[in-house]
Amino acid sequence: MSVLVSGGVGFIGSHTVVELLNAGYDVVVFDNFYNSKPCVIDRIKTITGKDFKFYNADMLNPAALDVIFEENDIDAVIHFAGYKAVGESVSQPLKYYHNNITGTLILLEKMAKHNVKTIVFSSSATVYGDPESVPMREDFPTSATNPYGQTKLMIEQILKDLTVSDAEWSASCLRYFNPIGAHKSGLIGEDPMGIPNNIMPRIQKVAAGEWDAITVYGTDYDTPDGTGVRDYIHVTDLAKAHIAALKRAKAVTGWETYNIGCGRGYSVYEIIDAYERASGTSINRVVTPRRPGDIAVSYADPTRAKEILGWEAELTLDDMCRDAYNFRIKNPRGYED
Ligand code: WQD
């Protein structure tokens, strides 16, 4: 019996495949390399000393998915594949709705056709929009402020409706907070395409001397130091949460959702300071106005994940920065093509 991982060569997908292999699962991966590099496949095998099947396939290709399900005894799916740039989703909504929603519908139709009815879905804390209070709990109201977040919310709803229509389905939606860091080996990590949007790869460009300064998007938030506060979580802790969620999804049926975060927030200045400690560099800061669409504070109440999945984050912000720096040092130009 194998676990099929869509987008398993990407940042979070690759770290999850490592943990699946370490936990003894048979793994099948498909990825279209839209936001990932082929070299990651061998690096996963080097890290784990284990092999797995890989298909260069797109979830928008029904025939390719049929081949994967026909050639392998798939028992469950962990679904990462999807576009994830918030800003791009605003300027190109149809691209996001087609890829993320249509692609997921095709994947789910193939799962049903081949009688695979267990899925762990890569959702996001962005489904909470701008919450009335923090920490965020899974029973908080959900809303989307951009097409990317809307696709996450829509897929959660599609999965919920599916579990209502057929009681054999088990769907677990993991609402990630802010994943950063890299595998401790430094062989895999975060290597975004083009100009990064998220703060950690942007900090790293400044620390590496590629950029002059990090832009601090607003210091007028109602937070201790005026900058935005987020729940940063080590990508390895996040990957391990998928193993816990998979075990739970195989044990029960129905629709569930879990916040996957550390349960505390750090400010922009705190994460910049932490990376200065990890890298031994001084990082220039330039204060700019707030970034449109940003919220002031976001951090998880991860109680459900701890009590039901038996999972909690273990690594600290300094661990996250240490491992992110180590990946950068070992891969100064990211993954080579
Ligand atoms: C973090 C903090 C910024 C860059 C996004 C997506 C979300 C999820 C995670 C996929 C904020 C500040 C940033 C910079 C800054 N992705 N910042 N200068 O916006 O919390 O979440 O990534 O699921 O859906 O929205 O992450 O890393 O962009 O920003 O001051 O150059 O850093 O204002 O407070 P965000 P981020």
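Worth saying up front: this structure is predicted, and the values here are computed from it rather than measured.

Okay, the pattern of salt bridges next. Under the criterion given, the structure shown has 22 salt bridges. Between Glu210 and Lys205 there is a salt bridge, with its nearest N and O atoms 3.0 Å apart. Lys205 sits in the buried class, given a relative accessible area of 17%. Its salt-bridge partner being Glu336, residue Arg333 comes within 3.4 Å of it at the nearest N-O pair.

It is worth spelling out unusual backbone geometry at this point. Cis rather than trans, the peptide bond between Val134 and Pro135 has omega equal to 0°. Along the chain, the position of Pro135 falls in the loop between strand S5 (118–124) and helix H6 (147–165). One non-glycine residue, Asn115, lies in the positive phi region at around 60°.

Here we come to the site of the ligand. Taken together, the neighbourhood of the ligand is formed by 19 residues, with Tyr148, Arg202, Thr215, Arg230 and Asp294 sitting nearest. Coverage of the ligand by the protein chains reaches 89% of its 680 Å² of free accessible surface. The leading source of residues in the shell around the ligand is strand S8 (residues 214–217), at 4 residues. Split into classes, the residues belonging to the shell around the ligand amount to 8 nonpolar, 7 polar and 4 charged.

Within helix H2 (residues 39–48), the full set of buried residues consists of Val40, Ile41, Arg43, Ile44 and Thr48. Buried positions in H2, seen along its axis, are confined to an arc of 165° and lie on one side of it. Those residues of H2 that are exposed and angled more than 90 degrees off the buried face are Asp42 and Thr46. As for H2, its buried residues are in contact with helix H1 (11–22) and strand S3 (53–56). Gly49 lies just past H2 and shows a positive phi near 70°.

Within the structure shown, the criterion is met by 6 aromatic pairs. Here the aromatic rings of Tyr128 and Phe140 are separated by 6.4 Å at their centres, their planes lie at 85°, and the arrangement is edge-to-face. With Tyr128 in the loop between S5 and H6 and Phe140 in the loop between S5 and H6, this residue pair connects regions lying 12 residues apart in the sequence. Given a relative accessible area of 2%, Tyr128 falls into the buried group. Owing to a relative accessible area of 11%, Phe140 belongs among the buried residues under this scheme. Ring centres of Phe327 and Tyr335 lie 5.4 Å apart, and the angle between their planes is 65°; on these two criteria the pair is classed as edge-to-face. Grouping residues by exposure puts Phe327 and Tyr335 together as buried. A network of ring pairs unites the aromatic residues Tyr34, Tyr83 and Tyr96 as a single cluster. Lying across the ring of Phe52, Lys45 places its NZ or CZ 5.3 Å from the centre. Geometry around Tyr83 places Lys95 over its ring, the cationic atom sitting 5.1 Å from the centre.

We now examine the sheet that holds S5. Spatially, 7 strands are ordered S3-S2-S1-S4-S5-S6-S11 in an open sheet, and the strand pairing comes out parallel. Every interior strand has two partners, whereas the edge strands, S3 and strand S11 (254–260), have only one. In this sheet, adjacent strand axes meet at a mean angle of 15° when their direction is disregarded. Of the strand pairs in this sheet, strand S1 (residues 2–6) and strand S4 (residues 74–79) are connected by 5 bridges, and their pairing is parallel. Pairing of Val3 across the sheet is with Ala76, part of S4. Strand contacts of H1: S1, strand S2 (26–31), S4 and strand S6 (170–176), with the helix running at about 165° to S2, the strand carrying the most contacts.

This part is about the pairing of S6. For a regular strand, side chains alternate in direction, first toward one face of the sheet and then toward the other. Among the 7 residues that make up S6, 7 are buried, leaving the element largely enclosed by the rest of the structure. Side chains Ser170, Ser172, Leu174 and Tyr176 of S6 all project onto a buried face; the interleaved residues Ala171, Cys173 and Arg175 project onto the opposite face, where all are buried too. Bridge count between S5 and S6: 7 bridges; the pairing is parallel. Considered in S6, the bridge of Ser122 is made with Leu174. Crossover S5 to S6 through H6 is right-handed. Note: S6 against S11, 7 bridges, orientation parallel. Bridging across to S11, Cys173 finds its partner in Thr257.

Procedures and definitions
Residues numbered from 1 in each chain as written. Predicted model: local features only at pLDDT ≥ 70, side-chain atom pairs only at ≥ 80, totals over all residues. Heavy atoms only, no water. Salt bridge = Lys/Arg side-chain N within 4 Å of Asp/Glu carboxyl O. Buried < 20%, exposed > 50% of the residue type's maximum accessible area, 1.4 Å probe, protein only. Helix = DSSP H or I, 4+ residues; strand = E, 2+ residues; numbered from the N terminus. Near = heavy atom within 4 Å. Areas by Shrake-Rupley, 256 points an atom, 1.4 Å probe, with all protein chains shown as cover. Nonpolar A, V, L, I, M, F, W, Y, C, P; charged D, E, K, R; others polar. Arc of directions from axis to C-beta. Contact = heavy atoms within 4.5 Å. Phe/Tyr/Trp six-rings, centres within 6.5 Å; stacked < 30°, edge-to-face > 60°. Lys NZ or Arg CZ within 6 Å of the ring centre and 35° of its normal. Pairing = 2+ DSSP bridges. Axes fitted to C-alpha atoms, helices over the stretch in contact; angles between N-to-C directions. Right-handed = clockwise from strand over helix to strand, strands pointing away.

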